Amino acid sequence: MYKFSEPIYITRPLLPRLAGIHDQLFEIWENKQVTNHGVKHAELQRELAAYLNVDQLVLFANGTLALLLGLKALQLHGEVITTPFTFPATLQALDWNGLTPVFCDIDPVTLNIDVSHIESLITDKTSAILGVHVFGNPCNMTGIQQIADKYNLKVIYDGAHAFGSYIDGKPIGSYGDMTMFSFHATKLFHTIEGGALTYKDKNLTQQLNQLKNFGLDDDGGVALSGLNAKMNEIQASVGLEVLKLIGDERLKRDKVMDVYQHMLGEVEGITIYTKLRGQESSYQYFVIGIHEKKFGRSRDWVHEELKTYNVFTKKYFYPLCSTFHWYNHLESAQPDKLAQAHSVVEQALALPLYGDLDIQSAIHICEIIRSFKK
Ligand SMILES: *Cc1c(COP(=O)(O)O)cnc(C)c1O
């Protein structure tokens, strides 16, 4: 069996040509404004609002702070219904706002919050539903909005994996009250570290801009208890250059995903979780599920064994957020209430995906995985 001579990692940051970055830096050096909402920041904010096709967008230093301050701006209280199958940041943004998560089990196909369970979790303390578009699979946003309208709840989405997705012809950032995007270097579009909020209510703009800048207002006063979550000019200029490459990167990733889909889709015991038919993919991840009984090997075994071929995959997400020691006492965190999430978290495996991964390498990866089947 083929063995890679160089390690193949789960992802690689999309890096623009240095000449482009140099030109951007030259302009910043000329302006002598390196942070605090400069021209690059304004330009990126405009370009991203246009790219994501939304009316309101505010940039932040990273996605976690964007979500944390977005939740604060919505003035939530008490409990927020969310998913255990996400990155820790989703929960940590709740925690830093003093909000208690109520964990909802997931749909085994989309891996997102299972709308049919939400209503039974609502109490008089519930103030919002926080969904995550896991691996770019969109939540059932119509279903979530219906429940939110009925109970007067806010709806927030962690769209860290869903950059540029369209659902039923509508941009994903236009659903719910607010959507967070992460621009971390591992994400398709990135600013090395960075993030943004898109949101419905225009009146939040001033507040969000204050919250990310120590709560300062224009008159030198302190209007709010904010913090420092500003994106600097160098981050913004990296974003401006990366944005030019996104279209091409998507096409390249699409070819890799096609190989994975064709070579692994029919293998007994392997489920493909991403790029669900009929929905525009965000090309962020390609994730399979390995069913130990049907495949003959466990996900953990495959994950370890692939390393001996120099292929580094990721158990993503792992572990479940409901098992964190500061949450595991919650009634909603009990494993018997989260059966699907507990099953999926033992099966999911993200495969290497980035535009520069050549087709032949993707074929080798599939051949190696197929050779493991018992
Ligand atoms: C990356 C990610 C985050 C955190 O974003 P940062 O920009 O790294 O702070 C939050 N939620 C999910 C689902 C993510 O994948």
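Residues numbered from 1 in each chain as written. Predicted model: local features only at pLDDT ≥ 70, side-chain atom pairs only at ≥ 80, totals over all residues. Heavy atoms only, no water.

(A) Spotlight on the packing of aromatic side chains. All chains considered together, the criterion is met by 20 aromatic pairs. Their ring planes at 85° and their centres at 5.1 Å tell us that Trp301 and Phe372 sit as a pair that is edge-to-face. One end of the pair, Trp301, is in helix α11 (residues 299–307); the other, Phe372, is in the segment after α13 (359–371), with 71 residues separating them in the sequence. On the basis of relative accessibility, which here comes to 29%, the residue Trp301 falls in the partly exposed class. Judged by relative accessible area, which is 4%, Phe372 ranks as buried. Relative to Tyr327, the ring of Trp326 has its centre 5.8 Å away and its plane inclined at 45°; by these criteria the two rings are tilted. Each residue in the set Tyr51, Phe163, Phe181, Phe183 and Phe189 is aromatic and connected to the rest through ring pairs, giving one cluster. The side chain of Lys315 reaches across the aromatic face of Tyr318, ending 4.7 Å from its centre. (Phe/Tyr/Trp six-rings, centres within 6.5 Å; stacked < 30°, edge-to-face > 60°. Helix = DSSP H or I, 4+ residues; strand = E, 2+ residues; numbered from the N terminus. Buried < 20%, exposed > 50% of the residue type's maximum accessible area, 1.4 Å probe, protein only. Lys NZ or Arg CZ within 6 Å of the ring centre and 35° of its normal.)

(B) Region of interest: the site of the ligand. Around the ligand sit 16 residues, and of these Thr64, Asp158, His161, Ser182 and Lys187 come closest. Interatomic distance of 2.7 Å between a side-chain N/O atom of Ser182 and an oxygen atom of the ligand. Measuring from an oxygen atom of the ligand, one finds a backbone N or O atom of Gly194 at 3.5 Å. Summarising the interface, the protein chains cover 93% of the accessible area of the ligand, which totals 380 Å² for the free molecule. At the level of elements, α3 (63–73), α4 (88–95) and β8 (178–182) are the ones that each hand at least two residues to the shell around the ligand. Along the lines of polarity and charge, the residues of the shell around the ligand split into 5 nonpolar, 9 polar and 2 charged. (Near = heavy atom within 4 Å. Polar contact = N/O pair within 3.5 Å; in protein donor to acceptor, adjacent residues only side chain to side chain. Areas by Shrake-Rupley, 256 points an atom, 1.4 Å probe, with all protein chains shown as cover. Nonpolar A, V, L, I, M, F, W, Y, C, P; charged D, E, K, R; others polar.)

(C) Fine view of helix α9 (residues 246–264). For α9, spanning 19 residues, the distance from its first C-alpha to its last is 26 Å, which sits close to the expected 27 Å at 1.5 Å a residue. Turning to α9, the residues buried within the fold contact α2 (39–51), α8 (233–243), β10 (270–272), β11 (286–290), β12 (348–351) and α13. (Expected span 1.5 Å × (residues − 1). Contact = heavy atoms within 4.5 Å.)

(D) Broad picture of a nonpolar patch on the surface. Among the surface-exposed residues, Phe214, Leu216 and Val222 lie close enough to one another that they form a single nonpolar patch of about 280 Å² accessible area. Along the chain, Val222 falls in the loop between α7 (204–211) and α8. Overall, Val222 belongs to the exposed group, its relative accessible area being 60%. (Patch = residues over 30% accessible without salt bridge, like charges linked within 9 Å, V, L, I, M, F, W, Y side chains within 5 Å. Salt bridge = Lys/Arg side-chain N within 4 Å of Asp/Glu carboxyl O.)

(E) Region of the structure containing unusual backbone geometry. Backbone torsion omega between Tyr316 and Phe317 reads -10°, so that peptide bond is classified as cis. When you line up the elements, Phe317 lands in the loop between α11 and α12 (339–344). That bond from Tyr318 to Pro319 is cis: its omega, -5°, falls within 30 degrees of zero. Within the secondary structure, Pro319 sits in the loop between α11 and α12. Of note in the backbone geometry, Lys32 takes a positive phi value of approximately 65° without being a glycine. With respect to the secondary-structure elements, Lys32 resides in the loop between α1 (18–31) and α2. Overall, the relative accessible area of 68% leaves Lys32 in the exposed class. Located in the positive-phi region is Tyr283, a residue other than glycine, with phi close to 55°. Checked against the element boundaries, Tyr283 lands in the loop between β10 and β11.

(F) Looking closely at the sheet that holds β10. As summarised here, the arrangement of the 3 strands in space is β10-β11-β12, forming an open sheet in which the pairing is antiparallel. Because the sheet does not close on itself, it has two edges, and the strands there are β10 and β12. Strand-to-strand twist across the sheet, computed as the mean angle between neighbouring axes with direction ignored, equals 35°. Across 4 bridges, β11 lies against β12 in antiparallel orientation. Looking across to β12, one finds that Gly289 is bridged to Ala348. (Pairing = 2+ DSSP bridges. Axes fitted to C-alpha atoms, helices over the stretch in contact; angles between N-to-C directions.)

(G) Region of interest: the sheet that holds strand β5 (residues 154–158). Pairing within the open sheet is mixed, and its 7 strands lie in the order β1-β9-β8-β5-β4-β2-β3. Strand pairing shows two members of the sheet lacking a second neighbour, β1 (57–60) and β3 (100–103), which therefore form its edges. Here the strands of the sheet are splayed against their neighbours by 25° on average, with no regard to which way each runs. Of the strand pairs in this sheet, strand β2 (residues 79–82) and strand β4 (residues 126–132) are connected by 4 bridges, and their pairing is parallel. Paired with Glu79 across the bridge in β4 is Thr126. Sitting on the sheet, α4 is in contact with β2, β3, β4 and β5, with an inclination near 170° to β2.

It is worth stressing that arrangement in space is one thing and function is another; only the former is reported here.
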